[in-house]
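Architecture and fold: a report
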Amino acid sequence: MKVLKFGGTSVANAKNITQVLQIVKDYSDDNIVVVVSALGGVTDLLIKALTLAASQDKGYEGILSTIETKHLDLIKELIPPKSQSTVLGEVKARFNTLETLLEGAYLIGEYTASLSDRVVGHGELLSSFIINEFFKAEGLDTTLKNGKELIITDDSFGKAAVDFSTTNTNCKNYFTKNSQKITLVPGFVASSHAGKSTTLGRGGSDYTAAIIAAAIEAEVLEIWTDVSGMYTANPKLVKQAKCVEHLSYEEAMELSHFGAKVLYPPTIQPVLNQGIPIIIKNTFAPKDVGTLISQLNNGKDKTVRGISHIGDISLLSLEGPGMVGTPGISKRFFETLSQADISIVMITQASSEHSICIAVADSDAKKAEDIINTVFAYEIEVKKIKPVSVEKKLAIIALVGDNMKSHQGLSGKMFSALGKNNVNVRAIAQGASERNISAVIDKADVKKALNTLHEEFFEENIKQLNLFVMGVGNVGSKFLQQIAKQRKFLKNELKLNLRVIGISNSRTMYFNENGIALGDWEKLLSEGEKANKDTFVERVNKLNYRNSIFVDNTASQNIAETYSSFLENSISVVTCNKIACSSRFDYYSDLKHLAKKFNAPFLFETNVGAGLPIIDTLKNLRASGDKILKIQAVLSGSLNFVFNSFNENISFYEVVKKAQEEGYTEPDPRIDLSGIDVMRKILILARESGNILEIEDIKNNSFLPKESENAKTVSAFLDSLKDNETHFQDLYAAAKANNSKLKYVAQFEKGKASVGLQQIAKGHDFYNLEGSDNIVLFYTERYPNLPMIIKGAGAGAAVTASGIFADIIRIGNF
């Protein structure tokens, strides 16, 4: 014989119940027991109605009416018209009884646990009656057996303890004599020895099915629900979660205890004792394999089998010097909680005996705090023990697997992954069996923690990076294009999965928590909400994704000032915006400190030389013990393009205008031609060399005439270039006369930095620098005479985007 249990979602409406019928028909060759829950949502409505009635709130009548209508409508959809009157009459009679019970609670203004069991048990009694009548109308050989007549319990109303001896006898006697192929049983409900209605606790329909399966020594227990088995993690929180095809009883028990809602925790115990396998199946995808739970080991030598969590947890800590070496403290502590019927979810105790820490449901925290402080009032008064400290809004996450004990380093791997993503662990517990490792974390970090651990243990080492991109102009659009093109390569070759979650320009911003479709980003952004810097920052921090990276493709000071708010939330920052690293040294230093403290890389390779590996090379030189003696560089691709293009046949104004139009200069070319951009770059290189320097310390040997330096607008600046053409031609002629070329050079040596236009003679490394290329010469203790040279394209949207891309890959490999 087989036992099938269908949950509330499976019997929520006529369509779903018809699907249940089709599944049951597939068992035509077997004798089966079908256990059903109440219609979806009905139990909660019954509890609400009872609560309102006991509060003398007439609102309970409306809820009762809603429940009744739901059942009557169901009958009209499922039962043929000729058979409806009998069924409707029976159901209405039961609602009359229910109305009487609720009216009693209303009149006396309270309800007992016994009354509660009588009321909430109606959900299963009604659903099982209607479904059985539907099965009969469809020609099935079925009978209805009230679970209250089979399962006998004590008088612990609300969550009664089963008398297995009597229950097993009842079940065996009944099913031995029963001749029908299908026996329908309401779940959840039972009765005491005195015949009073009791219930088996929320989720008790699973328990009903398991009790019956064990009693009749069933071939298998099938739990039919709305998911295709038990998953590696909650699929609603972890999109990459996979169904686990085979679990041991112990693994399933651990997962169900720690919040895997597919299975009610006590369900496993009765069938475990009999060695009866459990199969978790999907009512709405019956052909899916599902999950088999049995005594056999999973057989594939897998370590972590699942990751689960419990939300709404509080942490209670009792500590004090008077606890050390004092027998009976732990006994009194746990005995007090037990007598108050407070369930302890997790326990951890310091080896010094100085403290005991437990996790309980948030709803029990205040009660637990009060009774513990009362019991230990004397010790608290004489300062031997401190009053209980309570931390709320927490959650427990747990790794589960039978084979974890035989593999070293799992705990380290778990906590390292959490630490890298700024998930703070408040408490830890691990049983001697090492079947589970549990950690208490902030409730707000649950989704990030689950995804982090799932990626670490289940996703073939594919690391997901979540990007938030500010600025999608020339550089930003090229960057998004490059990601779209390289995504498949990165996943296959580098095991990196890049998702763009948020994008923004100065007008609009757009977020998609599942990743933005990069083929349509422009359309999506145009239809997005109004851009707001503070809202963007708040949204990124609130999403709290693992491996989050903020990408700044702007030249905005306001955006540069947001970096600290990202870094202190363990969100990495990648930027081509030079303002932060060339601002006051204190701010630059603070950002570097935050990056180290919160394990969030702060990378800005493109601040100098676009995509050239200048800063990375400089870091590696220093990390290997080398010392920077001197830096000489042409760091402005814009100015190099301008002076490579300028000659006696073209005006300086025309060259600058062309550079502006082709994107070599900023929209405001004064930034490039004034030398401030190069000053920022040499400042950053000096700082990355280990020197403390401010922008004011750099000498700027300007080549611009005073009229151009003082121009208030871009148009006035461009006009001044026309008016001073003779000045620029004189500069060119002087260099040509000396058989030299004009290059804008930055230099740092012995703590001093300068920038300015220089005549570069033939034979110098800078002489043949073409187009918009950059070049940097590093003179170091290891390269004192012949410098290390880095040379290549130093401007342009594509190469800058590739530099940003390279920084992101560095973080991915971090």
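See the structure printed just above.
Treat the numbers as computed from the prediction; the structure is a model and nothing was measured. Position labels on residues start from 1 in each chain and follow its written sequence. Given that this is a predicted model, residues contribute local features only at a pLDDT of at least 70 and side-chain atom pairs are listed and counted only at 80 or more, while totals for whole chains, interfaces and linings are drawn from all residues. Only hydrogens and water are removed before side-chain values are computed, so all heavy atoms of the structure are retained for them.

1. Things to note about the packing of aromatic side chains
Pairing of aromatic rings covers Phe, Tyr and Trp, the last counted by its six-membered ring, and requires centre-to-centre distances within 6.5 Å; plane angles under 30 degrees mean stacked, over 60 mean edge-to-face, and any other angle means tilted. Counting across every chain of the model gives 22 aromatic pairs. Residues F646 and Y732 carry aromatic rings whose centres are separated by 5.8 Å and whose planes lie at 70 degrees to one another, so their mutual orientation is edge-to-face. Taken together, the residues span a long stretch of sequence, with F646 in the loop between α23 (637–645) and α24 (652–661) and Y732 in helix α29 (residues 725–737) at a distance of 86 residues. Residues F652 and F703 carry aromatic rings whose centres are separated by 6.3 Å and whose planes lie at 80 degrees to one another, so their mutual orientation is edge-to-face. Working definition: helices are DSSP H or I runs of at least four residues, strands are E runs of at least two. Numbering for both runs from the N terminus.

2. Regarding the sheet that holds strand β7 (residues 197–199)
Spatially, β4-β6-β7 is the arrangement adopted by the three strands of the open sheet, whose pairing is mixed. Looking at strand neighbours, the two that pair on one side only are β4 (152–153) and β7, the edges of this open sheet. Whether two strands pair depends on DSSP finding at least two bridges between them. Examined bridge by bridge, β4 and strand β6 (residues 189–192) share two bridges and lie parallel to one another. Within the sheet, the bridge partner assigned to T153 lies in β6 and is S192.

3. Some points on unusual backbone geometry
Phi at Q56 is positive, roughly 60 degrees, even though this residue is not glycine. Among the structural elements, Q56 can be located in the loop between α2 (42–54) and α3 (59–78). Burial here depends on accessible area, computed with a 1.4 Å probe over protein chains only, as a share of the maximum for the residue type. Under 20% is buried, over 50% is exposed, and the range in between is partly exposed. A residue is classified by how much of its surface remains accessible, and Q56, at 46% relative accessible area, is partly exposed. The phi angle at N544 is positive, at roughly 55 degrees, despite the residue not being glycine.

4. Re helix α15 (residues 446–458)
Every α-helix winds through 3.6 residues per turn, so residues three or four apart in the chain are directed the same way. Here the expected span of a helix is defined as 1.5 Å times the quantity of residues minus one. With 13 residues, α15 extends 17 Å between its outermost C-alpha atoms, agreeing within 8% with the 18 Å of an ideal straight helix rising 1.5 Å per residue. For α15, the buried fraction is high: 11 of the 13 residues fall into the buried class. Positive backbone phi, at 50 degrees, marks E460, one or two positions downstream of α15.

5. Remarks on the sheet that holds strand β24 (residues 602–603)
In spatial order, the strands read β21-β20-β19-β18-β22-β23-β24; together these seven strands make up an open sheet with mixed pairing. With one partner strand each, in any of the chains shown, β21 (529–530) and β24 form the two edges of the open sheet. Here strand β22 (residues 548–552) runs beside strand β23 (residues 572–575); their pairing, made up of four bridges, is parallel. What sits directly across from D552, in β23, is T575.

6. Focus: the packing of α2 against helix α4 (residues 81–108)
With their axes 7 Å apart at the nearest point, α2 and α4 run at an angle of 35 degrees to one another. Handedness of the α2/α4 crossing: right-handed. On α4, the residues that touch L46, A49, L50, A53 and A54 of α2 are L98, L102, A105 and Y106. As a working rule, the residues Ala, Val, Leu, Ile, Met, Phe, Trp, Tyr, Cys and Pro are called nonpolar, Asp, Glu, Lys and Arg charged, and the rest polar, with Gly in that last group. Looking at the contact of α2 with α4 residue by residue, the classes come out as nine nonpolar, no polar and no charged. Convention adopted: a line fitted to C-alpha atoms gives each axis, helices being fitted over their contacting stretch, and angles between N-to-C directions are expressed from 0 to 180 degrees. Helix crossings get a hand from a simple test, with the near helix turned counterclockwise from the far one by less than a right angle marking a left-handed crossing and a clockwise turn marking a right-handed one. The contact criterion used throughout is that any non-hydrogen atoms of two residues lie within 4.5 Å.

7. Topic: helix α11 (residues 329–339)
Restricting attention to buried positions, one finds in α11 the residues I329, F333, T336 and L337. Looking straight down α11, one finds that the buried residues subtend no more than 95 degrees of arc, so they occupy a single side. Across from the buried face of α11, at angles greater than 90 degrees, the exposed residues are K331, S338 and Q339. The elements touched by buried residues of α11 are β12 (306–319), β13 (344–349), β14 (355–361) and α12 (362–375). Two residues or fewer past α11, D341 is found with a positive phi of approximately 60 degrees. By definition, the arc is the one covered by directions from the helix axis to the C-beta atoms.

8. Overview of the packing of α11 against α12
Following both chains from N to C, one finds α11 and α12 inclined at 135 degrees, their axes separated by 10 Å at the closest point. On the basis of the axis angle, α11 is oblique to α12. Crossing handedness for the pair α11 and α12: right-handed. Between α11 and α12, the contacting residues are R332, F333, T336 and L337 on the first element and A368, I371, I372 and V375 on the second. For the contact of α11 with α12, the residue count by class is six nonpolar, one polar and one charged. Any angle from 65 to 115 degrees is called roughly perpendicular, while one under 35 is roughly parallel, one over 145 is roughly antiparallel, and all others are oblique.

9. Description of the pattern of salt bridges
It is possible for side chains of opposite charge to pair when their charged atoms get near one another. When a carboxyl oxygen of Asp or Glu lies within 4 Å of a side-chain nitrogen of Lys or Arg, that pair is called a salt bridge. Applying the stated criterion across every chain yields a total of 31 salt bridges. As a salt-bridge pair, K145 and E149 come within 2.6 Å of each other at their nearest N and O atoms. Using a relative accessible area of 46% as the deciding quantity, one classes E149 as partly exposed. Close ionic contact of K331 with E335 constitutes a salt bridge, the shortest N to O distance being 3.3 Å. Of this pair, K331 and E335 both sit in helix α11, separated by four residues, roughly a single helical turn.

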